[in-house]
Amino acid sequence: MDAPLGTLPLPALLPADPTDRTRGTRERLLAAALQVLESEGIHALTQTRVAERAALRQSHLTYHFPTRAHLLKAIAEHAAEHAADGAPVVLQGDRLPVPLDLAALKAHLAERVTDARMARVMLALTTASDEDPTLKRWMVEFDERVRATLARGLELTGHAVPAHELALFHATLVGIAVLHSSEGTGESAERARRLVAIAVDRLVDSAARD
């Protein structure tokens, strides 16, 4: 990883309202899981270690995430919904940077691709899916949501692209993210940003020719 990513702060106090308390506990556990992933790696991502990092009993974790598969899926959703500073701006669902133009889209995608935690989570899910077929189905659905939001983002910039071009573009972003995650340096992050910009330009040019 290049410069250390900003860690998501653990709430100092849980809210008094029972509903908020439950939500706060869940967010606290997910923040702790991301911190373990960032500082110790995927092999340290156990229920026991996450509960310790969150300073909560393991029963709190298993209540929200009964299995490691549940935890991994929740971490992926959480990481995809939060940028490195914790702001929910990720390119997923209906959350997009506003106003959005091509330059803003490039910057947003570069930020996401250089957040190595997401690549690590998805790689862990890929490995875990060998033992849990439900994870494979979830990952297919997750990728479909990401591609749908990529399409919406491009449309907001005035560029509609064919489905096959969008699929190739998404696969390119995934590959860039994995390569950066494996190296994790400032140089690899800068290279990843350049590649994202090139990939966006080529996608737009290809769509214009079609």
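In this text the structure is predicted, and so the values were computed from the model without any measurement. (Residues numbered from 1 in each chain as written. Predicted model: local features only at pLDDT ≥ 70, side-chain atom pairs only at ≥ 80, totals over all residues. Heavy atoms only, no water.)

A. The arrangement of the overall build of the protein in detail. Looking only at helices and strands, the protein has nine helices and zero strands in total. Listed N to C, the secondary structure of the protein is α-α-α-α-α-α-α-α-α in terms of helices and strands. Buried positions account for 46% of the 210 residues belonging to the protein. For the protein, the proportion of contacts with a sequence separation of at least 24, taken over those separated by at least 6, is 65%. Summed over all atoms, the accessible surface of the protein reaches about 10600 Å², with 57% contributed by carbon and sulfur. (Helix = DSSP H or I, 4+ residues; strand = E, 2+ residues; numbered from the N terminus. Buried < 20%, exposed > 50% of the residue type's maximum accessible area, 1.4 Å probe, protein only. Contact = heavy atoms within 4.5 Å. Areas by Shrake-Rupley, 256 points an atom, 1.4 Å probe, with all protein chains shown as cover.)

B. Fine view of helix 7 (residues 133-156). End to end, helix 7 covers 35 Å across 24 residues, agreeing with the expected 34 Å (1.5 Å per residue, within 8%). Buried within helix 7 we find Leu135, Trp138, Met139, Phe142, Val146, Thr149, Leu150, Ala151, Gly153 and Leu154. Positioned one or two residues after helix 7, Gly158 has a phi angle of 90 degrees, which is positive. (Expected span 1.5 Å × (residues − 1).)

C. Expanded view of the confidence of the model for the protein. When pLDDT is averaged along the protein, the result is 79; 80% of the residues meet or exceed 70. The model gives residues 1-20 a pLDDT under 50, and that stretch makes 49 contacts with residues more than four places away or in other chains. Per-residue pLDDT stays below 50 along residues 83-94; that stretch engages in 44 contacts with residues further than four places along the chain or on separate chains. (pLDDT = per-residue confidence, 0-100.)

D. Spatial organisation of the pattern of salt bridges. Per the stated rule, a full pass over the model turns up nine salt bridges. Residue Glu77 is joined to Arg145 by a salt bridge in which the shortest nitrogen-to-oxygen separation is 2.6 Å. Separated by 68 residues along the polypeptide, Glu77 in helix 4 (residues 68-81) and Arg145 in helix 7 bring together distant segments of the chain. Residues joined in a network through salt bridges with shared partners are Glu40, Arg49, Glu52 and Arg53. (Salt bridge = Lys/Arg side-chain N within 4 Å of Asp/Glu carboxyl O.)

E. Up close: helix 9 (residues 186-209). Here helix 9 contains 24 residues, and its C-alpha end-to-end distance of 35 Å stays within 8% of the 34 Å for a straight helix at 1.5 Å per residue. Every buried residue belonging to helix 9 is among Ser188, Ala189, Ala192, Val196, Ala199, Val200, Leu203, Val204, Ser206 and Ala207, and all of these are buried. Buried positions along helix 9 lie against helix 5 (102-113), helix 7 and helix 8 (163-183).

F. Local environment of the packing of helix 7 against helix 8. Close contact between helix 7 and helix 8 brings their axes to 10 Å; oriented N to C, the two are set at 110 degrees. When the axes of helix 7 and helix 8 are compared, the pair comes out roughly perpendicular. You can see that helix 7 and helix 8 cross each other, and the crossing is right-handed. Together, Asp143, Val146, Arg147, Leu150, Ala151 and Leu154 of helix 7 and Leu166, Ala167, Phe169, His170 and Leu173 of helix 8 make up the contact between the two elements. Its residues placed into classes, the contact of helix 7 with helix 8 shows eight nonpolar, one polar and two charged. (Axes fitted to C-alpha atoms, helices over the stretch in contact; angles between N-to-C directions. Parallel < 35°, antiparallel > 145°, perpendicular 65-115°, else oblique. Left-handed = near helix turned anticlockwise from the far one by under 90°. Nonpolar A, V, L, I, M, F, W, Y, C, P; charged D, E, K, R; others polar.)

G. Looking closely at unusual backbone geometry. A positive phi is found at Ala55, a non-glycine position, where the angle reads about 60 degrees. Look at Ala55 and you get exposed, because its relative accessible area is 58%.

H. How the structure looks around the environment of Ala171. You can see Ala171 is positioned in helix 8. A relative accessible area of 43% means that Ala171 is categorised as partly exposed. Through-space distance from the C-alpha of Ala171 to that of Asp143 is 9.8 Å; in sequence the pair is 28 residues apart.

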